[in-house]
There are 2 protein chains.
Amino acid sequence: MNYSLRQGNLLEDLSRRHLDALLVTHLPNVRYLCGFTGSAGVLVVADGRCTFFTERRYREQARTEVQDARLVVPKGPVLDAVARVVADSRVKTVGLESEHMSVAEEARVARILRSKARVRQTRRLVEERRMVKEPAEVERLRAAVQLGSSLFDKAVAAIRPGMTERAVAAEIEYAGRCAGAEGMAFETIVASGLRSALPHGLASSQPIPRRGFVVLDFGVILGGYCSDMSRTVYVGKPAAQARRLYQAVRDAQQAAIEAVRPGRTVGEVDRAARAVLRRAGLARNFTHSTGHGVGLEIHEPPRIAREEQDVLRPGMVITIEPGAYVPGYGGVRIEDMVVVTTTSCEVLTPTTKEFLAIQESGPVICS
Amino acid sequence: MNYSLRQGNLLEDLSRRHLDALLVTHLPNVRYLCGFTGSAGVLVVADGRCTFFTERRYREQARTEVQDARLVVPKGPVLDAVARVVADSRVKTVGLESEHMSVAEEARVARILRSKARVRQTRRLVEERRMVKEPAEVERLRAAVQLGSSLFDKAVAAIRPGMTERAVAAEIEYAGRCAGAEGMAFETIVASGLRSALPHGLASSQPIPRRGFVVLDFGVILGGYCSDMSRTVYVGKPAAQARRLYQAVRDAQQAAIEAVRPGRTVGEVDRAARAVLRRAGLARNFTHSTGHGVGLEIHEPPRIAREEQDVLRPGMVITIEPGAYVPGYGGVRIEDMVVVTTTSCEVLTPTTKEFLAIQESGPVICS
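Residues numbered from 1 in each chain as written. Chains lettered and ligands numbered in written order. Predicted model: local features only at pLDDT ≥ 70, side-chain atom pairs only at ≥ 80, totals over all residues. Heavy atoms only, no water.

Undergrad: Could you clarify how one ought to interpret a positive patch on the surface in this entry?
TA: Residues R278, R279, R284 and R306 of chain A together with R56, R59 and K75 of chain B make up a contiguous surface patch of positive charge. Residue placement: R306 of chain A occurs in the loop between β14 (300–304) and β15 (317–320). Overall, the relative accessible area of 44% leaves R306 of chain A in the partly exposed class. (Patch = residues over 30% accessible without salt bridge, like charges linked within 9 Å, V, L, I, M, F, W, Y side chains within 5 Å. Areas by Shrake-Rupley, 256 points an atom, 1.4 Å probe, with all protein chains shown as cover. Salt bridge = Lys/Arg side-chain N within 4 Å of Asp/Glu carboxyl O. Lys, Arg positive; Asp, Glu negative; His and termini not counted. Charge placed at Lys NZ, Arg CZ, Asp CG, Glu CD. Helix = DSSP H or I, 4+ residues; strand = E, 2+ residues; numbered from the N terminus. Buried < 20%, exposed > 50% of the residue type's maximum accessible area, 1.4 Å probe, protein only.)

In structure tokens, the structure reads:
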């Protein structure tokens, strides 16, 4: 990754906003700008260069990982040291990442800076740059997606009535680790039977029922980048109602994918999915947004939601994941990751979206 | 769990601080006070009662989980709805959780409240109560620790030279899931050979060497509560230097455990470990604090660190985890969870702290 290019872009952004410095406290932004992967540290961008402050326990790791930034390991709290350095510099206006600094931290910084520098809140400065992925990032995301997708096949092979949702999660996660994943990108969702109507049904101790939906939603981290996919299968033989629900969500997902192209707003993509579900009488059953950006974080800008105005650009990587949830019956969600191309989008997730029914003989396609 | 008792305690705390209301934005605090386990929501404590605000996607889950609080699912952003309700109430002084609200969120709340209520920063209000565990919480922690401890045995049985650190993590995590864990409490650390000198060496693609330390640090979540343990084993036959390093850390850990008793400060416990390592010439090699509270969160107050003043009380559950890290050679960490009793402490972690060497024939104790 070309850290000095990224830092250069950020310096331009700062200069355009008349900021002399930025305190980068959001760790994924820190990683993006200088390569540090640990859990404590602040990157100070000022005077055209970067200084990374971390705790003693990360000294060795920072020495190995941090690129294109000076390393400082202060004796006391990192944020105090950062504020003192800014106070003693020629910096007059310093930006904070307002979404990634707590009120308590801001008070601490302000107390040390006093009148020596003015604090300005910033929002999404580094995230705006991160939204458009570099080709090397798309390749990492593609590799993560492919690994993630291979786990779905393991899950389908494992699922049978009576095993717990957590045992299904165990198979997915074990296969991920064995294939080299750094970890899961978020808590694995395995929501079966009536629980499939919960959009965020984390794998529980409930046994997979003899008949009903199973929503699987999971992702891995590989090379620092996250994957995210959902598929919904049916255990047993689905009746017409289940097929209709599945087909409506599948159509909505396809409509949203077809709506993705550079120049469109994310709101238009969301509305494309919503329109299909509305026509199927499921408007009120689609209770979340259509998707989100994915990269170093599992959820990052843009949000693919009705009211959002972000414009799609080539290189953005987002999820498309409409769902429909019927309390007391069940739910369906289908999710792919796509990368925006110069003309439309490429679906990264290779897994089939046919309606799979898991029967005693194995999985069969219901069409 | 007795949520109404917990809410009653908080109301007393608010009244003592002349606060009419508190916006609880830290999700573990929300869970502690009303039982909600999802990832989005705010609990408003005001006028002697609690109201929980969440997003549409969590409506069903909140209906099932939330106890002793009214449920509100607003149309727009949750925090805006919360601020509007406070603005329209008789509340004059509202507390924020300053460590768990971003500068951007605070600005949003303040914009809606304007002059209708005064905002006051609070710190650790709910966390102070959470530090002392109820008997039912200690039992959950004990169960989590026992599950975690059983995974160490699986790891020892699995480790052999040439397998990757990640493959070791895979065995630990799979066994955890199969035993019913809701997930891991944090990213599993498997740091072998020279990497054992990294206090936070996440399991990597590096193969376990033929000779050297392997630091294992992991935990599970069970019943919502976290476990945390570290052990360091040696692959091959350890030379005298390795034995000395191990013994020094083991002695330091024992000294810290013996320093735990009600009325002592956490700083005294930290200094007890540090004194042993200093006498062994390893003062500069112990680069982190001695431990931390554990409960619904893997890291919660108190921090067991030199400069901290928190006084130990019966029912607190903390880790004791000194380590020594020699760059270019290797490192050792030994960690138990302990519960403070009325006279001293009980070590919850049942795993042996003998120095285990993993040889071709299997693990042997080096004493």
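Undergrad: Just checking my understanding: could you explain the pairing of strand β9 (residues 212–218) of chain B for this structure?
TA: Looking down a regular strand, the side chains alternate between one sheet face and the other. Residues and elements named next belong to chain B. The buried count for β9 comes to 7 of 7 residues, which makes it a mostly enclosed element. As paired elements, strand β8 (residues 189–192) and β9 share 4 bridges and run antiparallel to each other. Counterpart to S192 in the pairing with β9 is V214. (Pairing = 2+ DSSP bridges.)

Undergrad: Please explain the domain arrangement of chain A as it appears in this structure.
TA: A common way to express how large an interface is: the accessible area buried when the components associate. Residues and elements named next belong to chain A. Segmenting chain A into domains produces domain 1 (3–130) and domain 2 (132–365). Its C-alpha centre places domain 1 at a distance of 35 Å from the equivalent point of domain 2. Between domain 1 and domain 2, the residue contacts involve 10 residues of the former and 13 residues of the latter. For the pair domain 1 and domain 2, the two sides together bury roughly 970 Å², of which 36% comes from carbon and sulfur. It is R31, R124 and R130 in domain 1 that bury the most area against domain 2; as a group they hold 51% of the surface buried on that side. (Domains from an automatic or database assignment. Contact = heavy atoms within 4.5 Å. Buried area = accessible area lost by both parts, 1.4 Å probe.)

Undergrad: Before we go on, may I ask you to explain the packing of aromatic side chains in this structure?
TA: Here the distance between the centres and the angle between the planes together describe a pair of aromatic rings. Following the criterion strictly, the structure yields 15 aromatic pairs over all chains and no others. Summarising the aromatic geometry, the rings of Y246 of chain B and F355 of chain B are spaced 4.2 Å apart at their centres and angled 15° between planes, so their arrangement reads as stacked. Of this pair, Y246 of chain B sits in helix α9 (residues 240–259) while F355 of chain B sits in strand β20 (residues 355–359); the two residues are 109 residues apart in sequence, bridging distant segments of the chain. Here Y246 of chain B matches F355 of chain B in class, with each residue buried. An aromatic cluster is defined as three or more aromatic residues linked by ring pairs; in this entry it consists of F213, Y234, Y246, Y329 and F355 of chain A. A cation over an aromatic ring shows up here: R274 of chain A above the ring of F286 of chain A, its NZ or CZ 4.1 Å from the ring centre. (Phe/Tyr/Trp six-rings, centres within 6.5 Å; stacked < 30°, edge-to-face > 60°. Lys NZ or Arg CZ within 6 Å of the ring centre and 35° of its normal.)

Undergrad: Any chance you could explain the pairing of strand β20 (residues 355–359) of chain A here in plain terms?
TA: Residue and element names in this part refer to chain A. With 4 of its 5 residues buried, β20 lies for the most part within the structure. As defined by bridge partners, strand β12 (residues 229–235) adjoins β20 across 2 bridges and the pair is classed as parallel. Residue pairing across strands places V235 opposite I358, the latter belonging to β20. Across 5 bridges, the pairing between β20 and strand β21 (residues 362–366) is antiparallel. Among the inter-strand pairings, L356 is bridged to a residue of β21, identified as I365. Taken together, β20 and the strand that follows it, β21, pair antiparallel across an intervening segment of 2 residues.

Undergrad: Is there a simple way to explain the relation of the copies chain B and chain A in this structure?
TA: The operation relating the pair of chain copies consists of a rotation about an axis and a translation along that axis. You can overlay chain B on chain A at an RMSD of 0.0 Å; the transform is a turn of 180° with a shift of 0.0 Å along its axis. Interpreted geometrically, this transformation is the action of a two-fold axis. By C-alpha distance to the rotation axis, the residue of chain B lying nearest is S102 of chain B, at 2.1 Å. A symmetric contact is evident, with 100% of the interface residues of chain B recurring at the interface of chain A. (Least-squares fit on C-alpha atoms with pLDDT ≥ 70 in both.)

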